[in-house]
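# Observations on chain architecture
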Amino acid sequence: MRSQPKEAARRKVTTLRLQEMKEQGERIAALTAYDWLMARLLDESGIDLILVGDSAAMVFCGHDTTISMTMPQMLYHASVVARAAKRALVVGDLPFMSYQLSEEEALKNAGAFMKEALVEAVKLEGGESVCPTVRRIVDAGIPVMGHLGLTPQSIHKFGTYKTRGVERGEAEQLLRDAKALQDAGAFAVVLEKIPAELAREVTKSLRIPTVGIGAGPDCDGQILVSHDLLGLFTRFRPRFVRRYAELGKAMQDAFRQYTADVKGATFPNAAESYWQGEEEAGESSGAT
Ligand code: KIV
């Protein structure tokens, strides 16, 4: 029986629920978070999946690529996000070199995401070559999300951020990779920066959901980096980023106004100060 929209909006999202969503033609909405506050706002907005992405290296730490992110850093970000999310499925991104050395190392790191950070699934990049690792992690009871197309951890191998899977040979390999990930037990696959026609073909050929980023309108779901969508990260803007707000500009306006108010001695005013002999209002001390 199809769930009513209101009931579905309250229901905890699990990997099983994502599968149901694919089968029922309900789109999956996913975004990234690296901190408690962002995760709380996303979760309360009804997002289905929150990815604690290694894009934190670029967006949170200011690096040029995602390559430098470490397991301890990812575990810290994932643990604060997992604490905030009540409904969304939280997925931790296995960072570069945390799953390539051996299946044992990969399993240990995926397990740390579950046990220490309390996420509900992990994501890793790659196709057929990572499938034995995917199977090993899934066999241990840890759900795995794949990631194909433009896989940012391999950026130095590609040498470019151009669209992947344009040539037929690469497109056919991507189809094989997607099928292999499904057969290895992955519960979903991210498709990044590939032609819309190829993403449609992959989506049609898989039982498990595809989640696109720069992969056209026919994936089972979409994911973006929250800081891109909010206009907070503006160093570059790929075509697939739709800006829903200009928060970077709004924040800078607020910071400039605050600086001007302090320098002009108009902040704080009398109402924003405490005076001897007055009654305590019993206000919350806020964040301090
Ligand atoms: O690290 C990340 O944020 C990602 C998404 C862009 C899919 O992998």
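About the thresholds
Residues numbered from 1 in each chain as written. Predicted model: local features only at pLDDT ≥ 70, side-chain atom pairs only at ≥ 80, totals over all residues. Heavy atoms only, no water. Helix = DSSP H or I, 4+ residues; strand = E, 2+ residues; numbered from the N terminus. Contact = heavy atoms within 4.5 Å. Salt bridge = Lys/Arg side-chain N within 4 Å of Asp/Glu carboxyl O. Buried < 20%, exposed > 50% of the residue type's maximum accessible area, 1.4 Å probe, protein only.

What follows covers the environment of Ala-215. As for its position among the elements, Ala-215 is in the loop between strand E7 (210-213) and strand E8 (221-224). As a C-alpha pair, Ala-215 and Gly-149 span 66 residues in sequence and 9.0 Å in three-dimensional space. With near-sequence residues (within four places) excluded, Ala-215 lies in contact with Leu-191, Ile-194, Ala-196 and Ala-199.

Before going further, it helps to examine the pattern of salt bridges. Taken as a whole, this structure holds 20 salt bridges when the rule is applied. A salt bridge links Asp-64 to Arg-235; the shortest N-O distance between them is 2.9 Å. One end of the pair, Asp-64, is in the loop between helix H4 (56-59) and helix H5 (71-84); the other, Arg-235, is in the loop between helix H11 (226-229) and helix H12 (247-263), with 171 residues separating them in the sequence. Linking Lys-123 and Asp-93 is a salt bridge whose minimum nitrogen-to-oxygen distance equals 3.0 Å. Separated by 30 residues along the polypeptide, Lys-123 in strand E4 (residues 121-123) and Asp-93 in strand E3 (residues 89-93) bring together distant segments of the chain. Grouping residues by exposure puts Lys-123 and Asp-93 together as buried. Each of Arg-11, Arg-17, Glu-20 and Glu-26 takes part in one network of salt bridges that share partners.

So, about the environment of Ala-186. Of note, Ala-186 is situated in the loop between helix H9 (168-183) and strand E6 (188-192). The class for Ala-186 is buried, based on a relative accessible area of 3%. Placed 64 residues apart in sequence, Ala-186 and Val-122 show a C-alpha to C-alpha distance of 9.9 Å. Those residues in contact with Ala-186, other than ones at most four positions away along the chain, are Val-134, Val-144, Gly-146, Leu-181 and Ile-208.

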